[in-house]
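# Chains, contacts and geometry: an overview
Residues per chain, in single letters:
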Amino acid sequence: MVNEKFSPDEESLDRNPMVSDGLNPDPETLLKEDTINMDVLKKLVGQSVLSVDQFDKELVLEVCKFAALLESTEIAKSHPLDGKIIVTAFFEASTRTRLSFESAVLRLDGKIISISDGKSTGQAKGESLNDIGEMFNAYGDCVVMRHTETSAVEEILTHLRIPLINAGNGSGEHPTQSLADWFAILKWKPELKGQLKAENKIHLGILGTPGSMRAVNSFLRMSLLFKDNIKQISIISEMADPLGEELTNKVKESGITIHITNDVNEVVEDLDVIYMNSIAFLGDSYKSLDSRFKLDSHTKLKDDAVVLHPLARLDELDPILDDTHHNLYFTQAHGAVFVRQALFISVLNRFNKLPKEKIPTA
Amino acid sequence: MVNEKFSPDEESLDRNPMVSDGLNPDPETLLKEDTINMDVLKKLVGQSVLSVDQFDKELVLEVCKFAALLESTEIAKSHPLDGKIIVTAFFEASTRTRLSFESAVLRLDGKIISISDGKSTGQAKGESLNDIGEMFNAYGDCVVMRHTETSAVEEILTHLRIPLINAGNGSGEHPTQSLADWFAILKWKPELKGQLKAENKIHLGILGTPGSMRAVNSFLRMSLLFKDNIKQISIISEMADPLGEELTNKVKESGITIHITNDVNEVVEDLDVIYMNSIAFLGDSYKSLDSRFKLDSHTKLKDDAVVLHPLARLDELDPILDDTHHNLYFTQAHGAVFVRQALFISVLNRFNKLPKEKIPTA
Amino acid sequence: MVNEKFSPDEESLDRNPMVSDGLNPDPETLLKEDTINMDVLKKLVGQSVLSVDQFDKELVLEVCKFAALLESTEIAKSHPLDGKIIVTAFFEASTRTRLSFESAVLRLDGKIISISDGKSTGQAKGESLNDIGEMFNAYGDCVVMRHTETSAVEEILTHLRIPLINAGNGSGEHPTQSLADWFAILKWKPELKGQLKAENKIHLGILGTPGSMRAVNSFLRMSLLFKDNIKQISIISEMADPLGEELTNKVKESGITIHITNDVNEVVEDLDVIYMNSIAFLGDSYKSLDSRFKLDSHTKLKDDAVVLHPLARLDELDPILDDTHHNLYFTQAHGAVFVRQALFISVLNRFNKLPKEKIPTA
């Protein structure tokens, strides 16, 4: 059994063109008749990326355009992250997210030192994250951390003096995932950069419980930045109060109609974007889901609806959808590497390392 | 206690000369009065390396000659794998094999992202290898995978679009190990490249159960490619039917005499090459072995017999043999890095990065 | 919550200036009106670093001056460890020490292959360290090893032919930690390089049991090299005979007054340097400590006393001290990377790769 699907060109220094099942929108659509505003990106210099609350719509768009540029252009030869060491501190293990960040760094010639599992660290023995933060100052230029405790970000920042990228803190946030999510959505519908006509505004469905699921929490918060283009958000959750007080108020203030249901089929025919999740992944227990929380061949998806899923998935998103134009989740996964590269170059102030002639600035 | 055995030369950029106990045949013997056929090696471009069945004798020889070239020449300065990311996905942990592949890549200036243990991955939680394959497309240029399940290779290839190097799949195959095995054998007896006279054909002993031990399975299959130079294969196994039906037929078709015994001492005095294994390593249970499956100071080895062992070893191969000319297993281990380099350069089509003047082509 | 403490300069290729809580002595004080004796450092070429017993005062000073040079100068652009692979073999897991070594190597453009936990290795299944040593010869240029067994160093050296840096072997030694410890002490009081007047000699307090704690053992042995500048060593330990016979004799021969107590408060008012430890870390059990083995806001520290601690810490060193001039332990942690770099460049004989104009040689 041989794999004949890929023929690496001698000239291709690094990336494999995205030729995937499902929808593969060209990243260049995000750059068409547009420029990248470096002044906006420079706000990220030296900053940690901890929460979606640090982002306004403008910054999200510039990061996504920058990611589109990185995805469509050969940047690597300029070695943007040369000399930089990034610490991937995954006290809560996650192969997918860790490899995504590591690939992002290595493609740009940065270097990685890694904790892939917290179980064998001093942290497991009771060492404080404060001291670990002080230690990281000595070893690297930037930390990417995932941790089971929501308070971990605050703790490590008492002593950490280099930028921290939050890759997931307990039931808190996962901001880079949301950037990857919206990068995919904007590639699918670049008009979302501007102002949609009323009849074209989108109905967004989110499966999950923002109050306790960090990727969902961050995604909802980032979606509120696009409130002018969203007509309704439907939350599909088993919980009676899936948002909690703070988020409920934020949504109210946004003026977007919000609907809560415990059955995706109740709203799916009107959904333009469906953000799927493995509800079963709450903690480590696996629960059997029923059709109220699944998408499969029976689901009455709108013709041009698109599905997102941060992956990993179990049963809630049937692979039968992989080969359809509803599948935006592979694009979502592929694009995550580029938004992370955009963040690293910005946070570590390596704009000067980019080939200027390739950047469409105003 | 200081180690005075090695004095690194300021000029030596990377490799330490192979100065080991046991037999250390010069890799250049493989290249003497011979050339490397690049057209044959180019068949590997973009291919996955999954099974010995993909190889004919010609391809094995070219890969081994290429490995000999890499072992005897300073190639690294040309940075052959610059810009390439290899994912070492060891869902089944194996320090030896993983470090061998990683060293092979790093010496050639490629980069590594790594899963060293499957226990803390989404795979452990039930995520499908299909999705993991899709994910790897986004992160690297080539995957090296070891997995406890034989079906893992087929599963990941449903979505993987970059080349896969099989580093061991359940009880399936371990093709790169066999290349390392035969690389060692060919260095010991380069005449095996051609046609031996009848009286010089070799008697090969294989300890283990090909039907359930992947390295043994692959080694036997690769040995059949050299059938014209093998007079007999003796299988030393506890099992009544160690080959299974498919292999039994393959061996029959080859015309090689096959003998099955459960006591190595019954045949050892006539064996030219003895392929040892840790039978005790079947699964994770350790069984005590007796002298029927061991080589030690009592074993009546033929004068110029050579021993192979993919290592790790327990009691079945006594260290008393390390310092003898029977020891080809250290050469075998050292050479594995170079056959793996040969595969990477071929699969990733980086022939143009080699210093042309150093390649003896026709 | 954003981190505004660090603004990476576009020009800063690699290191973040050490701006930490506590005392931050300038490394350049170690180089003032002094030179580096390369002939002394060249004694380390091709050597393993296993025990403090390999060091005399002169070699300790040259390594520390070299580390000071690396800390205060931009060396990395000359890629000193280009082409070298270092194997970090942490059979006993230790995130702090492993990342310290890995950062040291990567900053100098060397490469890393890593075992971060021994549990999933063949070693766990019973494979001998002898064979692992033979394997490492094929994969790298230098090994950094930490192991739970004291005998591990001797075992691996039966076959290892590349230099070994001992990062902790059972209850044996931890020589690079001691170099980091004394690097910090010398930065604090550079006059210790020479000869102090009698009234200025220091009283050194060591909390822990040298006989069973490797970092303490190595630190005490290295301190004896500075015997001419030490008036007294006080050991604070629960054990009746914390030194054991060999160390007791060594201390006697040095002529230094030694005092043993089980209460730090008995001596602390006279201590100039206090080497703290987590006694509770003996093995993996956590015991509650009382004030006899702690430093906190109540402790009557001498005005200009400094505290060291190899970290990680639990309760024995109160964070209230972090912001005081007694805190030399953050300097100690930061400096560890540079002494390790000094060792790698020396052991791997890469002096020629340093920018000559920056080295203050005689």
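Residues numbered from 1 in each chain as written. Chains lettered and ligands numbered in written order. Predicted model: local features only at pLDDT ≥ 70, side-chain atom pairs only at ≥ 80, totals over all residues. Heavy atoms only, no water.

## Describing the overall build of chain A
When helices and strands are counted, chain A shows 9 helices and 9 strands. Over its C-alpha trace chain A gives a radius of gyration of 20 Å, about what one expects of a compact globule, namely 21 Å for 362 residues. Its C-alpha atoms put chain A at 55 × 55 × 50 Å along the principal axes. Taking all 362 residues of chain A together, the buried fraction comes to 65%. Sequence-distant contacts in chain A: of pairs separated by 6 or more residues, those separated by 24 or more amount to 76%. By element, 47% of the accessible surface of chain A is carried by carbon and sulfur atoms, the whole surface being about 12,700 Å². Charge centroids of chain A, computed over 39 positive and 55 negative side chains, lie 3 Å from each other. (Helix = DSSP H or I, 4+ residues; strand = E, 2+ residues; numbered from the N terminus. Rg over C-alpha atoms; globule rule 2.2 N^0.38 Å. Buried < 20%, exposed > 50% of the residue type's maximum accessible area, 1.4 Å probe, protein only. Contact = heavy atoms within 4.5 Å. Areas by Shrake-Rupley, 256 points an atom, 1.4 Å probe, with all protein chains shown as cover. Lys, Arg positive; Asp, Glu negative; His and termini not counted. Charge placed at Lys NZ, Arg CZ, Asp CG, Glu CD.)

## Re the packing of aromatic side chains
Residue and element names in this part refer to chain A. Scanning the entire structure with this criterion turns up 18 aromatic pairs over all chains. Ring centres of Trp182 and Phe226 lie 4.0 Å apart, and the angle between their planes is 5 degrees; this geometry places the pair in the stacked category. Of this pair, Trp182 sits in helix H6 (residues 175-188) while Phe226 sits in the loop between helix H7 (214-224) and strand E6 (230-236), and the two are 44 residues apart along the sequence. Assigned by exposure class, Trp182 and Phe226 land together as buried. Among the aromatic side chains, those forming a connected cluster through ring pairs are Trp182, Phe219, Phe226 and Tyr275. Taking the ring centre of Phe183 as reference, the NZ or CZ of Lys187 above it sits at 4.2 Å. (Phe/Tyr/Trp six-rings, centres within 6.5 Å; stacked < 30°, edge-to-face > 60°. Lys NZ or Arg CZ within 6 Å of the ring centre and 35° of its normal.)

## Comments concerning helix H9 (residues 244-254) of chain C
All names here are of chain C. By the burial criterion, the buried members of H9 are Gly244, Leu247, Val251 and Ser254. Angular distribution of buried residues about the axis of H9 spans 60 degrees; they occupy a single face of the element. In H9, the exposed residues that point more than 90 degrees away from the buried face are Glu245, Lys252 and Glu253. Those residues of H9 hidden inside the fold are in contact with helix H8 (214-224) and strand E7 (257-261). One or two steps after H9, the chain reaches Gly255, where phi turns positive at roughly 85 degrees. (Arc of directions from axis to C-beta.)

## So, the pattern of salt bridges
This structure, assessed with the given rule, holds 55 salt bridges over all chains. Here Asp109(B) makes a salt bridge to Lys111(C), at a shortest N to O gap of 2.8 Å. Highlighted residues: Asp109(B) in the loop between helix H3 (95-107) and strand E2 (111-115) and Lys111(C) in strand E2 (residues 111-115), drawn from two different chains. Here the two residues Asp109(B) and Lys111(C) agree in accessibility, since each one is buried. Between Arg313(B) and Asp131(C) there is a salt bridge, with its nearest N and O atoms 2.6 Å apart. Residue Arg313(B) is found in the loop between strand E9 (306-308) and helix H9 (329-347), and its partner Asp131(C) is found in helix H5 (residues 129-139); the two belong to separate chains. Grouping residues by exposure puts Arg313(B) and Asp131(C) together as buried. (Salt bridge = Lys/Arg side-chain N within 4 Å of Asp/Glu carboxyl O.)

## Regarding the relation of the copies chain C and chain A
Once chain C has been moved 0.0 Å along the axis and rotated by 120 degrees, it coincides with chain A to within an RMSD of 0.0 Å. Those values place the two copies in the arrangement expected of a three-fold rotation axis. Taking C-alpha positions as the reference, the residue of chain C nearest the rotation axis is Ser116(C), at 5.2 Å. (Least-squares fit on C-alpha atoms with pLDDT ≥ 70 in both.)

## Some words on the domain arrangement of chain A
All names here are of chain A. As assigned here, chain A comprises domain 1 (22-174 + 335-351) and domain 2 (194-328). A straight line from the C-alpha centre of domain 1 to that of domain 2 covers 25 Å. Both sides of the domain 1 and domain 2 interface together cover about 1,700 Å² of buried area, and 57% of this is carbon and sulfur. Where domain 1 meets domain 2, there are 3 salt bridges. Taking the shortest distance from any N to any O, the salt bridge between Arg214 and Glu92 comes out at 2.8 Å. Among the elements of the structure, helix H2 (57-72), strand E3 (142-147) and strand E4 (164-169) are those that each provide at least two residues to the side of domain 1 that touches domain 2. Ranked by residues supplied to the side of domain 1 that touches domain 2, first place goes to H2 with 3 residues. For the side of domain 1 that touches domain 2, the residue count by class is 6 nonpolar, 8 polar and 7 charged. (Domains from an automatic or database assignment. Buried area = accessible area lost by both parts, 1.4 Å probe. Nonpolar A, V, L, I, M, F, W, Y, C, P; charged D, E, K, R; others polar.)

## Notes on the sheet that holds E2(B)
All names here are of chain B. If you trace the 4 strands from one edge of the open sheet to the other, you get E2-E1-E3-E4, paired in parallel fashion. The sheet is open, and its two edges are formed by E2 and strand E4 (164-169), each paired on a single side. Across the sheet, the axes of successive neighbouring strands diverge by a mean angle of 15 degrees, strand direction being ignored. Judged from the 4 bridges that link them, strand E3 (residues 142-147) and E4 form a sheet pairing that is parallel. Bridge pairing in E4 links Val143 to Leu164. (Pairing = 2+ DSSP bridges. Axes fitted to C-alpha atoms, helices over the stretch in contact; angles between N-to-C directions.)

## Here's the deal with the interface of chain C and chain A
Taken together, the contacts link 36 residues of chain C with 44 residues of chain A. In this assembly, chain C packs against chain A so that about 3,700 Å² is buried in total across both faces, 49% of it on carbon and sulfur atoms. Taken together, the links from chain C to chain A amount to 3 salt bridges. Taken together, the connections running from chain C to chain A amount to 9 residue pairs in polar contact (both at pLDDT 80 or more). (Polar contact = N/O pair within 3.5 Å; in protein donor to acceptor, adjacent residues only side chain to side chain.)

## A short note on the sheet that holds strand E1 (residues 85-90) of chain C
Residues and elements named next belong to chain C. If you trace the 4 strands from one edge of the open sheet to the other, you get E2-E1-E3-E4, paired in parallel fashion. Edge strands, defined here as strands with exactly one partner in the open sheet, are E2 and strand E4 (164-169). Pairs of neighbouring strands in the sheet enclose a mean axial angle of 15 degrees, with direction left out of account. Both E1 and E2 contribute to a ladder of 5 bridges, which runs parallel. Bridged to Ile85 within E2 is Lys111.

## Overview of the state of the cysteines
Residue and element names in this part refer to chain A. For the coordinates displayed, the defined rule picks out 0 disulfides over all chains. Among the cysteines around Cys64, which has no disulfide bond, Cys142 carries the closest sulfur, lying 18 Å off. We classify Cys64 as buried; its relative accessible area is 0%. (Disulfide = S-S within 2.5 Å.)

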